[in-house]
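Listed below are the residues making up each chain.
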Amino acid sequence: MRIYVYILKILLSIVLAVVGGFFAYEYVIDSLYEVKELSIIVVSVFMAGLIFSLIRIKMISSKFNWVDSYRKQTKVSAASAGKVPSVFRNVYKKCNLNDKDKLQIEEYYNAVKSLDVSFSSHKDAGMFFVKICFLTGFLGAFVCIITSLGDISEMFSNMNLNVGDSVSTLSELQSGIAGPLAKLKTAFSLSFTGIYLSCLLSYIDRQAFSLENKFLVYAENWLLSCVNLKSK
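Let me begin by describing the structure that accompanies this report. Please read these numbers as outputs of a predicted model, since none were measured by experiment.

Reading guide: rules and limits
Residues numbered from 1 in each chain as written. Predicted model: local features only at pLDDT ≥ 70, side-chain atom pairs only at ≥ 80, totals over all residues. Heavy atoms only, no water. Core = buried A, V, L, I, M, F, W, Y, C linked by side-chain atoms within 4.5 Å. Buried < 20%, exposed > 50% of the residue type's maximum accessible area, 1.4 Å probe, protein only. Helix = DSSP H or I, 4+ residues; strand = E, 2+ residues; numbered from the N terminus. Contact = heavy atoms within 4.5 Å. Phe/Tyr/Trp six-rings, centres within 6.5 Å; stacked < 30°, edge-to-face > 60°.

### Notes on the nonpolar core
Membership of the largest hydrophobic core comes to 50 residues, with the highest contact counts inside it found for Trp-66, Phe-88, Leu-115, Phe-215, Trp-222 and Leu-223. Those elements that place two or more of their residues in this core are helix 1 (3-34), helix 2 (36-72), helix 4 (89-94), helix 5 (105-158) and helix 6 (166-225). A total of 14 residues in this core trace back to one element, the largest contributor, which is helix 6. Beyond its immediate sequence surroundings of up to four residues, Phe-88 is in contact with Trp-66, Val-67, Leu-115, Phe-215, Ala-219 and Trp-222.

Okay, structure coming up:
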């Protein structure tokens, strides 16, 4: 399994995202500073999701290295026994190379099911970070829009529209609408950041999930070779 390919894809996607974000930096940074608490939450959720995906890939790498070394060795040492992944401990006890035992078909199914359940929970957790990143930016943007519309409504309610004094009316309108328009810019900036980071995180999560699926197939083939096909 070429695990390094997935690492390179993730690094490349982050680099491209940084380059793409550089062009939008000057348009959104000032607005994001106005809602720095929400901006920090969005970025923090993205970083948590990124770290979680990298941990998933590292766990797959350690599982693959153990299975690969286990298949190649002729004698199981005490050191390698202590590094057995939790999902393979029962298999290791039953199918130790020193004992030359074979797995029963039920034990094969249990091992595969344990891997599948573990990876499914990882997928759900990864999508949780993606959704939270998206919703934080999106809902924060809606709050800013609603606040802006409320300020506009209040401004027009308090304005004195005198036909003979159009200059002062326009001046009052100009000064009054500046704040709500700034909040609208903040709303779209926050929404853009949330969607942008959630799309990037979704791609990274997809790479980790794809690697887990490939390892699941690899592990199934290995476990199947350890099954006693004469068992019922």
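### Comments concerning the side chain of Arg-56
Structurally, Arg-56 is set in helix 2. You can call Arg-56 buried: its relative accessible area is 1%. Here Arg-56 is in contact with His-122, Lys-123, Gly-126, Asp-205, Ala-208, Phe-209 and Glu-212, once residues within four sequence places are set aside.

### Comments concerning the packing of aromatic side chains
Following the criterion strictly, the structure yields 10 aromatic pairs and no others. With a centroid separation of 5.2 Å and 70° between ring planes, the pair formed by Phe-138 and Phe-142 is classed as edge-to-face. A residue pair is termed a helical-turn pair when its members lie 3 or 4 positions apart in one helix, as Phe-138 and Phe-142 do in helix 5 at 4 residues. On the accessibility criterion, Phe-142 (42% relative accessible area) is partly exposed.

### Some thoughts on the environment of Gly-20
Tracing the chain through its elements places Gly-20 in helix 1. What makes Gly-20 partly exposed here is its relative accessible area of 32%. Linking Gly-20 and Tyr-196, residues 176 residues apart in sequence, is a C-alpha distance of 9.9 Å.

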